[in-house]
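Below are the chains, spelled out letter by letter.
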Amino acid sequence: MRIVIAEDAVVLRDGLCLLLTTRGHEVAAAVGDGDALVAAVAEHRPDVAVVDVRMPPTHTDEGLRAAIRVRRDRPGLGLLVFSQYIETRYAAELLAGGARGIGYLLKERVADVRDFLSALDRIAAGETVLDPEVVTQLMGASRRGDALALLTPREREVLAMMAQGRSNSAIAETLFLSYGSVEKHVTQIFTKLGLAPSDNDHRRVLAVLRYLQG
């Protein structure tokens, strides 16, 4: 996998480079600010970019705004936001542009290197990987639409786990439900949100985005 890293903390940046290269990945560039990320992605055309949120010069949201720029330029680029912070406004904007191949993980909550590497593989394969806390804060920052108000508490719980990238089987196991019950909840969610079957639409992703945006 070809990867670009945007992380202003030098020790962490070097650590990520070492971790990824020793696992057989190619780190095409490792940069320390948003503008350098945009340039590196344009030059190296990586499979995935790993981006921190707070970067120079103001250390607020430059990394996430740069991530939105590169994703617009290259919609197929896998993108992992890897940060200590949750920036709900731009995170929602990033996901609204298409959640396929997007991840948002919190540094302090990744306890196992294998989980981090697995997330990169899933993102490169086009999956959506969101930390549960990110989902919770995005939901709290979003206003709920009339259609969302129709969802039952259990349906909201199922939809929250869908937003974390969980499969129906994983949701069933976590919530102690049968697989058939989860399928029924998911179908009801699609129906209440007005997401009709389509050969072109990814209803699961659309439902998650509707929930996050309200």
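Residues numbered from 1 in each chain as written. Predicted model: local features only at pLDDT ≥ 70, side-chain atom pairs only at ≥ 80, totals over all residues. Heavy atoms only, no water.

(A) Geometry of the sheet that holds strand β5 (residues 102-106). What the six strands build is an open sheet, ordered β2-β1-β3-β4-β5-β6; its pairing is parallel. Pairing within the sheet leaves two strands with one partner each, and these edge strands are β2 (26-31) and β6 (129-130). When strand β3 (residues 48-51) meets strand β4 (residues 78-83), the two strands line up parallel, connected through four bridges. By the bridge assignment, V51 is partnered in β4 with V81. Of the strands in this sheet, β1 (2-6), β2 and β3 touch helix α2 (residues 34-44), which is tilted by about 155° from β2. (Pairing = 2+ DSSP bridges. Helix = DSSP H or I, 4+ residues; strand = E, 2+ residues; numbered from the N terminus. Contact = heavy atoms within 4.5 Å. Axes fitted to C-alpha atoms, helices over the stretch in contact; angles between N-to-C directions.)

(B) Looking closely at the packing of helix α9 (residues 168-175) against helix α10 (residues 179-192). Closest axis-to-axis distance for the α9/α10 pair is 9 Å, and the angle between their directions is 115°. Taken together, the axes of α9 and α10 are roughly perpendicular relative to one another. The interaxial crossing formed by α9 with α10 has right-handed handedness. Facing α9, whose interface residues are N168, S169, I171 and A172, α10 presents Y179, V182, E183 and V186. A class-by-class count of the residues in the contact of α9 with α10 yields five nonpolar, two polar and one charged. (Parallel < 35°, antiparallel > 145°, perpendicular 65-115°, else oblique. Left-handed = near helix turned anticlockwise from the far one by under 90°. Nonpolar A, V, L, I, M, F, W, Y, C, P; charged D, E, K, R; others polar.)

(C) Seen up close, the domain arrangement of the chain. When cut into domains, the chain gives domain 1 (2-144) and domain 2 (147-213). Counting from both sides, the interface comprises 14 residues of domain 1 and, opposite them, eleven residues of domain 2. Note on domain 1 versus domain 2: buried area summed over both sides is about 1200 Å², and carbon and sulfur give 64% of it. Taken together, the connections running from domain 1 to domain 2 amount to zero salt bridges. Applying the counting criterion to the domain 1 and domain 2 interface returns one residue pair in polar contact (both at pLDDT 80 or more). Among the secondary structure elements, those contributing two or more residues to the side of domain 1 that touches domain 2 are α4 (88-96), β6 and α6 (132-141). Partitioned by chemical class, the residues of the side of domain 1 that touches domain 2 number nine nonpolar, two polar and three charged. (Domains from an automatic or database assignment. Buried area = accessible area lost by both parts, 1.4 Å probe. Salt bridge = Lys/Arg side-chain N within 4 Å of Asp/Glu carboxyl O. Polar contact = N/O pair within 3.5 Å; in protein donor to acceptor, adjacent residues only side chain to side chain.)

(D) Examining the side chain of R13 more closely. Among the secondary structure elements, R13 is positioned in helix α1 (residues 10-22). Among buried charged residues, R13 stands out as having no salt bridge; its nearest opposite-charge side chain is D14, 4.7 Å away. Not counting the four nearest positions on each side in its chain, R13 is found in contact with I5, E7, D8, A30, V31 and G32. (Buried < 20%, exposed > 50% of the residue type's maximum accessible area, 1.4 Å probe, protein only. Lys, Arg positive; Asp, Glu negative; His and termini not counted.)

(E) Broad picture of the pairing of β5. Most of β5 sits out of view: five of its five residues are buried. The alternating pattern of β5 places I102, Y104 and L106 and G103 and L105 on opposite faces, both of which are buried. Sheet topology note: the β4/β5 ladder contains five bridges and is parallel. The partner of F82 across the bridge, within β5, is L105. Handedness of the crossover joining β4 and β5 through α4: right-handed. Taking the sense of rotation as the criterion, the β-α-β connection linking β5, helix α5 (residues 113-124) and β6 turns out left-handed. (Right-handed = clockwise from strand over helix to strand, strands pointing away.)

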